[in-house]
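Each chain, written out:
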Amino acid sequence: MANKLKIRGIDLTYEDLGTGDVIVFIHGQPFNRSMWNYQSQVFSKLNRLIIPDLRGYGESVTTEPIVLLDELALDIIYLLDELAVQKAVFVGLSMGGRVALEIYRLAPHLMKGLVLADTDARAENASSYLSRKQLAKSLLNYGMEKYTAENIGHYLCQNTFNIKREVLDHLRHMMITTDAAGAAAVQFGRAERRDHTEILLNIDFPTLIIVGDQDVFTPVTTAEHMQTRMKGAELAVIKDAGHIPNMEQPEQFNQLLKNYLDKV
């Protein structure tokens, strides 16, 4: 059951499930907290899970024209303060991984552990900066259904797209129901994101990097680039998965996460 708290000017929607050591799950774009259903069913029996809809996504509505990743990180930091959470393992996928790195930059004392899935610590380059801005404008002009129709296949490996109809339908529903203005605001903000490559060098607690073997947005080489800059980071490549391995191969993803949590 969803909860709402007034956080930094908006009604932030989140789930608070289970008891025990805390795991914070941070979704990607253009998704919502439901992308973690494949994990919450398992880990809510073992841990306390905090799973928010990020500002501009799901039920966390915003009217701001631009939302920086810093703002998304601060929302979670404030939320955890309201919930009296002093330490947690953070699991972030894609944009959620970048938000997790912002949380580490702003409030490193909160981090007991970190799982970065299908993400990239680097800033935009000159070309991708312009592409990100153009995408934001396109979302405002043409909406999420057009974006979904043209891009949904990029998020999944071919095997998932062909035979896992439940995952495909779930992904499509998340994408088309995302508020276009909210997503565009965050895309404008993502264009301005920091380069966190140097921050990686400072992370001195156990870290897990996960990537789908067929991810076209943040491929295995991107995950390897992060691993080489982190002390003792473990890299796991999930077979037959694209950009959202937690949904495409939940058993593999969950086992990797369980093994990691046993070490933290």
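The coordinates are above.
The structure reproduced in this document is the subject of the present report. (Residues numbered from 1 in each chain as written. Predicted model: local features only at pLDDT ≥ 70, side-chain atom pairs only at ≥ 80, totals over all residues. Heavy atoms only, no water.)

Okay, the overall build of the protein next. The number of helices and strands found in the protein is eleven helices and eight strands. Since a compact globule built from 264 residues should have a radius of gyration of about 18 Å, the 17 Å found for the protein is in line with a globular shape. By principal-axis analysis of the C-alpha atoms, the protein measures approximately 45 × 40 × 35 Å. Residues classed as buried in the protein amount to 56% of the 264 residues present. Considering only contacts within the protein whose residues lie at least 6 apart along the sequence, 77% involve residues at least 24 apart. For the protein, the computed accessible surface area is about 11100 Å², with 50% contributed by carbon and sulfur atoms. The centroid of the 27 positive side-chain charges in the protein is displaced by 1 Å from the centroid of its 33 negative side-chain charges. (Helix = DSSP H or I, 4+ residues; strand = E, 2+ residues; numbered from the N terminus. Rg over C-alpha atoms; globule rule 2.2 N^0.38 Å. Buried < 20%, exposed > 50% of the residue type's maximum accessible area, 1.4 Å probe, protein only. Contact = heavy atoms within 4.5 Å. Areas by Shrake-Rupley, 256 points an atom, 1.4 Å probe, with all protein chains shown as cover. Lys, Arg positive; Asp, Glu negative; His and termini not counted. Charge placed at Lys NZ, Arg CZ, Asp CG, Glu CD.)

A few words now on the packing of aromatic side chains. Enumeration according to the criterion identifies five aromatic pairs in this entry. Relative to Trp-36, the ring of Phe-25 has its centre 4.9 Å away and its plane inclined at 40°; by these criteria the two rings are tilted. A residue pair is termed long-range when its members are at least 10 positions apart, and Phe-25 in strand β3 (residues 22–26) and Trp-36 in the loop between β3 and α1 (37–43) qualify at eleven residues. For Trp-36, a relative accessible area of 0% gives the class buried. Ring geometry for Trp-36 and Phe-253: centres 6.3 Å apart, planes at 45°, overall tilted. Of this pair, Trp-36 sits in the loop between β3 and α1 while Phe-253 is found in helix α11 (residues 250–263), placing the two residues 217 residues apart along the sequence. Assessed through its relative accessible area of 0%, Phe-253 is described here as buried. A connected cluster of aromatic rings, assembled from ring pairs, spans Phe-25, Trp-36 and Phe-253. When the ring centre of Tyr-78 is taken as reference, the NZ or CZ atom of Arg-8 above it lies at 5.7 Å. Over the ring of Tyr-142 we find Lys-146, and its NZ or CZ is 5.7 Å from the ring centre. (Phe/Tyr/Trp six-rings, centres within 6.5 Å; stacked < 30°, edge-to-face > 60°. Lys NZ or Arg CZ within 6 Å of the ring centre and 35° of its normal.)

Turning our attention to the sheet that holds strand β5 (residues 88–93). Pairing within the open sheet is mixed, and its eight strands lie in the order β1-β2-β4-β3-β5-β6-β7-β8. Both edges of this open sheet fall to β1 (3–7) and β8 (234–238), since each of them pairs with a single strand only. With direction set aside, neighbouring strand axes in the sheet form an average angle of 25°. Of the strands in this sheet, β1, β2 (10–17), β3, β4 (48–52) and β5 touch helix α2 (residues 69–82), which is tilted by about 110° from β1. (Pairing = 2+ DSSP bridges. Axes fitted to C-alpha atoms, helices over the stretch in contact; angles between N-to-C directions.)

This next bit is on the packing of helix α4 (residues 126–155) against helix α6 (residues 165–177). It is at 9 Å that the axes of α4 and α6 come closest, and there the two elements cross at 145°. For the pair α4 and α6, the sense of crossing is right-handed. Residues Met-144, Glu-145, Tyr-147, Thr-148, Ile-152 and Tyr-155 of α4 form the contact with α6, whose participating residues are Leu-168, Leu-171, Arg-172, Met-175 and Ile-176. Of the residues belonging to the contact of α4 with α6, the class tally is eight nonpolar, one polar and two charged. (Left-handed = near helix turned anticlockwise from the far one by under 90°. Nonpolar A, V, L, I, M, F, W, Y, C, P; charged D, E, K, R; others polar.)

Formed by 87 residues in total, the largest nonpolar core has its most connected members in Phe-90 and Ile-103. Per-element accounting of this core gives the leading share, seven residues, to α2. (Core = buried A, V, L, I, M, F, W, Y, C linked by side-chain atoms within 4.5 Å.)

Glancing now at the packing of α4 against helix α7 (residues 180–191). The angle between the axes and the distance between the axes are what describe a pair of packed helices. It is the contact of α4 with α7, at a shortest axis distance of 8 Å, that shows an interaxial angle of 175°. The orientation of α4 with respect to α7, classified from their angle, is roughly antiparallel. Residues Tyr-129, Arg-132, Lys-133, Leu-135, Ala-136, Lys-137, Leu-139, Leu-140, Gly-143 and Met-144 of α4 pack against Ala-180, Ala-181, Ala-183, Ala-184, Gln-187, Phe-188, Arg-190 and Ala-191 of α7. For the contact of α4 with α7, the class distribution of residues is twelve nonpolar, two polar and four charged. (Parallel < 35°, antiparallel > 145°, perpendicular 65-115°, else oblique.)

This part covers the pairing of β2. Direction of pairing for β1 relative to β2: antiparallel, over a ladder of five bridges. Each residue of the ladder has a partner; that of Asn-3, found in β2, is Tyr-14. What sits between the antiparallel neighbours β1 and β2 is a turn of two residues, in which Arg-8 has the positive phi angle 50°.

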